[in-house]
2 protein chains.
Amino acid sequence: MPASAPIAASAARTQALGTPEIGPLGIICGGGVAPAAVADVVVKSGRPVMLFPFRGFASAADVERFPHEWIALGQFGRFKRLARRHGCRDFIWIGGLTRPRIGQLRFDLGTMLMLPDIIRAFRGGDNHMLTTLGAFFERHGFRILAVADVAPEMLAPEGVMTARAPTPEDRADIEKGLDLIATISRFDVGQGAIVARNHVLAIEGIEGTDGMLRHAAALRDAGRIRSGERTGVLVKMPKRGQDLRFDLPAVGPDTVAGVAAAGFGGIAVAAGRTIVVDIARVVADADRAGLFVIGVKAREA
Amino acid sequence: MPASAPIAASAARTQALGTPEIGPLGIICGGGVAPAAVADVVVKSGRPVMLFPFRGFASAADVERFPHEWIALGQFGRFKRLARRHGCRDFIWIGGLTRPRIGQLRFDLGTMLMLPDIIRAFRGGDNHMLTTLGAFFERHGFRILAVADVAPEMLAPEGVMTARAPTPEDRADIEKGLDLIATISRFDVGQGAIVARNHVLAIEGIEGTDGMLRHAAALRDAGRIRSGERTGVLVKMPKRGQDLRFDLPAVGPDTVAGVAAAGFGGIAVAAGRTIVVDIARVVADADRAGLFVIGVKAREA
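A few points on the structure.

Describing the sheet that holds strand β3 (residues 90-94) of chain B
All names here are of chain B.
Part 1 of the argument: Strand order in this open sheet of four strands is β2-β1-β3-β4, and the pairing throughout is parallel. This sheet does not close on itself; its edge strands, each paired only once, are β2 (49-53) and β4 (143-144).
Part 2 of the argument: Lying over the sheet, helix α4 (residues 76-85) contacts β1 (25-29), β2 and β3, oriented at roughly 170 degrees with respect to β2.

Points about the sheet that holds strand β4 (residues 143-144) of chain A
Residue and element names in this part refer to chain A.
Part 1 of the argument: Sheet architecture is open: four strands sit in the order β2-β1-β3-β4, paired in parallel fashion. Strands with a single pairing partner mark the edges of an open sheet, and in this sheet they are β2 (49-53) and β4.
Part 2 of the argument: The sheet contact formed by strand β3 (residues 90-94) and β4 spans two bridges and is parallel. The partner of D90 across the bridge, within β4, is R143.
Part 3 of the argument: Packed onto the sheet, helix α4 (residues 76-85) meets β1 (25-29), β2 and β3 and runs at close to 170 degrees relative to β2.

Describing the packing of aromatic side chains
All names here are of chain A.
Part 1 of the argument: Applying the stated criterion to the full structure yields 14 aromatic pairs over all chains.
Part 2 of the argument: When the ring of F79 is compared with that of F91, the centres are 5.3 Å apart and the planes differ by 55 degrees; the resulting orientation is tilted. Separated by 12 residues along the polypeptide, F79 in helix α4 and F91 in strand β3 bring together distant segments of the chain. Both residues of the pair, F79 and F91, count as buried.
Part 3 of the argument: Ring centres 5.6 Å apart and planes at 70 degrees place the aromatic pair F79 and F142 in the edge-to-face group. With F79 in helix α4 and F142 in the loop between α7 (126-139) and β4, this residue pair connects regions lying 63 residues apart in the sequence. Across the pair, F142 and F79 agree in class, each one buried.
Part 4 of the argument: Members of the aromatic cluster, connected to one another through ring pairs, are F52, F79, F91 and F142.

Thoughts on the nonpolar core
Proteins that are soluble and globular tend to have nonpolar side chains buried together.
Part 1 of the argument: Core analysis: the largest hydrophobic core is formed by 40 residues, its most contacted members being I184(A) and I184(B).
Part 2 of the argument: The contacts of I184(B), once residues within four sequence positions are left out, are L180(A), I184(A), I203(A), V189(B), G190(B) and I203(B).

Quick word on the pattern of salt bridges
Residue and element names in this part refer to chain A.
Part 1 of the argument: One pass over the structure, following the stated rule, counts 28 salt bridges over all chains.
Part 2 of the argument: R143 is the salt-bridge partner of D90, the closest N and O atoms lying 3.0 Å from each other. With D90 in strand β3 and R143 in strand β4, this pair connects stretches of sequence that are 53 residues apart. Here the two residues D90 and R143 agree in accessibility, since each one is buried.
Part 3 of the argument: Ionic pairing is found between D285 and R281, a salt bridge with its closest N-O pair at 3.3 Å. Of the two residues, D285 and R281 are both situated in helix α12 (residues 279-289); the distance of four residues between them amounts to about one turn of the helix.

Structural notes on the side chain of K236(B)
Part 1 of the argument: By secondary structure assignment, the location of K236(B) is in strand β8 (residues 233-236).
Part 2 of the argument: Side chain to side chain, K236(B) and T209(B) meet in a polar contact 2.5 Å long.

Remarks on helix α11 (residues 253-261) of chain B
All names here are of chain B.
Part 1 of the argument: Those residues of α11 that fall on the buried side of the exposure criterion are P253, T255, V256, G258 and V259.
Part 2 of the argument: Tucked inside the fold, the buried residues of α11 contact α10 (208-221), β8, β9 (250-251), β10 (266-270) and α12 (279-289).
Part 3 of the argument: Positive phi shows up at G263, right after α11, with a value of about 80 degrees.

Describing empty space enclosed by the protein
Part 1 of the argument: Evaluation of the coordinates by the stated rule reveals seven cavities of 30 Å³ or more.
Part 2 of the argument: If you add up the space inside the largest cavity, you get close to 210 Å³.
Part 3 of the argument: Contributing to the lining of the largest cavity are 25 residues, with I203(A), E207(A), H215(A), E207(B) and H215(B) lying nearest its centre.
Part 4 of the argument: For the lining of the largest cavity, the secondary-structure elements that each account for two or more residues are β7 (199-203) and α10 (208-221) of chain A together with β7 (199-203) and α10 of chain B.
Part 5 of the argument: Looking at the lining of the largest cavity residue by residue, the class counts come to 19 nonpolar, four polar and two charged.

Points about the packing of α10(A) against helix α11 (residues 253-261) of chain A
Residues and elements named next belong to chain A.
Part 1 of the argument: It is the contact of α10 with α11, at a shortest axis distance of 8 Å, that shows an interaxial angle of 20 degrees. It follows that α10 is roughly parallel to α11 by the angle criterion. Here α10 and α11 pass one another in a crossing that is left-handed. Contacts from T209, D210, L213 and A217 in α10 reach D254, T255, G258, V259 and A261 in α11.
Part 2 of the argument: Residue classes in the contact of α10 with α11 are distributed as four nonpolar, three polar and two charged.

Analysis parameters
Residues numbered from 1 in each chain as written. Chains lettered and ligands numbered in written order. Predicted model: local features only at pLDDT ≥ 70, side-chain atom pairs only at ≥ 80, totals over all residues. Heavy atoms only, no water. Pairing = 2+ DSSP bridges. Helix = DSSP H or I, 4+ residues; strand = E, 2+ residues; numbered from the N terminus. Contact = heavy atoms within 4.5 Å. Axes fitted to C-alpha atoms, helices over the stretch in contact; angles between N-to-C directions. Phe/Tyr/Trp six-rings, centres within 6.5 Å; stacked < 30°, edge-to-face > 60°. Buried < 20%, exposed > 50% of the residue type's maximum accessible area, 1.4 Å probe, protein only. Core = buried A, V, L, I, M, F, W, Y, C linked by side-chain atoms within 4.5 Å. Salt bridge = Lys/Arg side-chain N within 4 Å of Asp/Glu carboxyl O. Polar contact = N/O pair within 3.5 Å; in protein donor to acceptor, adjacent residues only side chain to side chain. 1 Å grid on protein atoms, 1.4 Å probe; cavity = no way out; pocket = protein on both sides within 12 Å on 5 of 7 lines; lining within 4 Å. Points joined across faces, edges and corners; volume = space filled by probe spheres on them. Nonpolar A, V, L, I, M, F, W, Y, C, P; charged D, E, K, R; others polar. Parallel < 35°, antiparallel > 145°, perpendicular 65-115°, else oblique. Left-handed = near helix turned anticlockwise from the far one by under 90°.

Pasting the structure below:
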């Protein structure tokens, strides 16, 4: 790190991270509402941010409230120039990228040089892809931080957050969901599942949590889900062995609405390893809908 | 077995089964098109059938072409009387039952006596439920046969059935799908998955194969599936340890249409352990759509 690098404001935070901060925190934004929510919290904590939303993945309405530079997959050269121009060295990466078709990418020169790595990155699941892409950043002197480093208050707390608590039957469903997600981790697929009265109803694929819940609501309307109203738990947990700097599972008010619409009883997330967007509203909405929300101790803490 | 039991016609078949046949073959019909397709094959083989379609699950249009008696879950007493009246002792069980809500069932006396068993049956996944329900039949002197016993020609053959064959990349996707389904077997959930270029896109839950394919088609329309057209494989295999007399995976012309609509490249099924409804049409439709269909050696043959 060059000695002339500008030192950021917060000395306390700097010490916590064990290394001085440099410039604004870069936030690389994939899809979903989490990137802007995390940006809000970081700004409130006193650190300036610079968002790098991925074109085609991030939501313009959300990210354009902040200083930002749109980037595209395959334009690492451009990204590097922009990051240096804005003095960003530390980054967090929030939100997933639907796996693009490799033929759809337009590569700039900076990316061409890394093509073999990129091709390797595309040959696994999401986790593999993100970790490999993350390694690009680090090799170029950027540092990828975790949400826990910059906005720990956005991570799910442990314990029941709502008026309603899970019953022993709900807890058994939660255990089954956690076990299932851990078991399929090596396939690098779902971070979510729905379990109702010991019966696995759905495992999250590329449709994402909201897609899975919409699908479940349609199945219930069609009479295909016959377990009682307010039974069944949405379980969200990172894959075992997942690099927690990338693509943490996230829940928010939309998740609560989706669980309520599909007639399930509650939401269980891995405490400290799941982003909760707008926790106050999540809890209020869940209470109003009669759902529980619980942070459960992760199995590989 | 009473010595006075009427002996069925086919001596050769009788010998193959090691025990004399009694009366028509009872076909207990859950959902899907497989029950009627199996009935057609059995009738063609010269054995009379008596269908027992489950009300709310079986398709009336399909089963009413055959002698039949509608039954309902929870009416085992009625079923037993009807089966005896029609002289059925041997049964096959084709097609799944969406797990009903236990409060929705109306129990007759014959079922009430077995309520503890039924409640146990409802506490696991589909396989557990079907096996436990099947045990009821056997305890009452009925015999549950496998498709392999009565209509082996309906089981998927081994090898490539279509003009197009899977590429080495497709074969890797097939292996991954087989591995995944075997791995999640203990959760008693999916018999199907979609894998595209080493990436698991979907795992079948209660939506069933057709539901999963419709969902995938919508995701592709929405740009959420970005792997190339004609890449990606639908893999169907029974759960590891599954009682093969119940709820074998099934594919048919609808499956081919679903795979084509979702833009995937082909279908791989466990040879000898998957029902193929109307194989001639499956192959013709797949050829027309440029898809492959392959029967792969099961991992636990």
